[in-house]
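Descriptive structure summary
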Amino acid sequence: MNGSDNATVFERAARGRPVPHTPIWIMRQAGRYLPEYRQLRRTVDFLTATRIPEIAARITLQPMQRFDMDAAILFSDIMTPLDPMGVEVEFAPGPVLPEPVRTSEAARAVRELVPEEGVPFVLEAIRAVRSELRPESALIGFAGAPFTLFCYLIEGGGSKDFMTARSFLRREPEASRALLDTLGRSMARYLVAQAEAGANAVMLFDSWIGMLGPDSYRRFIHPVLTRAFKTVRGATDCPIIYFPNRGGPLLRSMRGLDVDVTAIDWTLPLSRADALLGGGRSLQGNLDPAELFGPPDALRAAADAVLAEAAGLAGHIFSLGHGIDRRTDPDQVARLVDHVHERSPAGAGQT
Ligand code: CP3
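What counts, and at which threshold
Residues numbered from 1 in each chain as written. Predicted model: local features only at pLDDT ≥ 70, side-chain atom pairs only at ≥ 80, totals over all residues. Heavy atoms only, no water. Pairing = 2+ DSSP bridges. Helix = DSSP H or I, 4+ residues; strand = E, 2+ residues; numbered from the N terminus. Axes fitted to C-alpha atoms, helices over the stretch in contact; angles between N-to-C directions. Contact = heavy atoms within 4.5 Å. Near = heavy atom within 4 Å. Polar contact = N/O pair within 3.5 Å; in protein donor to acceptor, adjacent residues only side chain to side chain. Areas by Shrake-Rupley, 256 points an atom, 1.4 Å probe, with all protein chains shown as cover. Buried < 20%, exposed > 50% of the residue type's maximum accessible area, 1.4 Å probe, protein only. Expected span 1.5 Å × (residues − 1).

Details of the sheet that holds strand β5 (residues 201-206)
Read from one edge to the other, the open sheet built from 7 strands follows the order β1-β4-β5-β6-β7-β8-β9, with strand pairing classed as parallel. A strand with exactly one partner marks an edge of an open sheet, and here the two such strands are β1 (71-73) and β9 (316-320). Pairwise comparison of adjacent strand axes, ignoring direction, gives a mean angle of 25° for this sheet. Direction of pairing for strand β8 (residues 282-287) relative to β9: parallel, over a ladder of 5 bridges. Paired with Leu287 across the two strands is Leu320, which belongs to β9. Packing against the sheet, helix α10 (residues 173-197) makes contact with β4 (138-144) and β5, and its axis sits at approximately 165° to β4.

Looking at the site of the ligand
Near the ligand you find 22 residues, and of these Arg32, Tyr37, Asp77, Ser207 and His322 are the closest. Within the side chain of Tyr37, one N or O atom sits 2.5 Å away from an oxygen atom of the ligand. Here Ser207 contributes a side-chain N or O atom positioned 2.4 Å from an oxygen atom of the ligand. Coverage of the ligand by the protein amounts to 88% of the 890 Å² it exposes when considered alone.

Observations concerning unusual backbone geometry
Across the junction of Ala92 and Pro93, the peptide omega takes the value -20°, indicating a cis bond. With respect to the helices and strands, the residue Pro93 is situated in the loop between β2 (90-91) and β3 (95-96). Geometrically, the link from Gly285 to Asn286 is a cis peptide bond, its omega value of -15° lying close to zero. Along the polypeptide, Asn286 turns up in strand β8. We note that Arg28 has phi near 70°; this positive angle belongs to a residue other than glycine. Relative to the elements of secondary structure, Arg28 occurs in the loop between α1 (9-14) and α2 (35-41). Judged by relative accessible area, which is 57%, Arg28 ranks as exposed.

Side note on helix α7 (residues 120-132)
In this model α7 runs 19 Å from its N-terminal to its C-terminal C-alpha over 13 residues, within 8% of the 18 Å that 1.5 Å per residue would give. Listed as buried for α7 are Phe121, Val122, Leu123, Ala125, Ile126, Val129 and Arg130. Buried residues belonging to α7 abut α3 (46-51), α4 (53-66), α6 (115-118), β4 and α10.

Scope: geometric values only; no functional claims are made or implied.
Encoded structure:
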């Protein structure tokens, strides 16, 4: 669906158009906090689950069957497209690379992704989900942002400060630029391919961007993101969502990025994020996932605080400020979803 009136509530909110209620989905909504996910994972490992379209589609739909979410997000991982780019990735449960990229030669050897050849199973899963999803639910396709993928590629796995990756950026600036550029072009193509397969919105996850200062962001990352979003914008009508996790200090530098929605983590109020971004566009977020561990009344009050912060925005998609914790009680998620739907019609600018 597109910008016309049969667009989903999610797409309309993304574009800052009037909506009957604030749409909600939850980052990592298909995952280990759901007993039905854990049950299925007893029979199949994570990588296999992401590579078999029928299984990926089934997992994508699990939270949609249990909750009244406005959007599904494809069950996959930001590391999924790296294998056809020549980089092997294992999961334990976070990503681990047996051979991290540690030299200029290795950085230049990473190949550009051809989505139809490299990850046909992802596009197949999107088609399968879209054919089963209710028309009023949106499907979000996604990719990892260039810097976040760069961090995993160089570091070889998770890290508290990604010092190997951040130092490589300074030791090998030209090879780093070449790798970031390959990643940017690949992920732009990947998002376009997902939109063409039937995704209604595309989201770029930049989980580690908050580790860069504004100066390095502007020098190394802003040009790559600008080009990537330009490619996506030129090739599809899908709303574009960008999630600069812990990126508060960078938001002012991100004003010029051509995205429809910026997803905000919970460390700054939405009104403050809006002011830093220059206003006029939609935001997504930003409940602290830890609020789901409080008593139901406190959870509802915390959701109300997010909705109050969002009252003056051009558009708002309710979500968590980061992924849901695997120890979360699914009943709390149901309470949150229902509460946001009940409370939000009074929101300002949403007739
Ligand atoms: O429901 C959804 O949100 C869709 C699926 C999804 C997964 N990963 C599934 C997954 C999405 C959108 C992602 C994105 C992702 N993956 C990011 C960006 C978002 C963020 O959290 O910052 C990152 C950094 C990754 C890399 C990654 N993959 C990590 C750090 C982990 C370990 C997570 C954990 O909870 O321990 C993974 C594995 C992973 N990806 C799981 C799931 C459901 C757990 C796998 C399992 O079943 O064991």
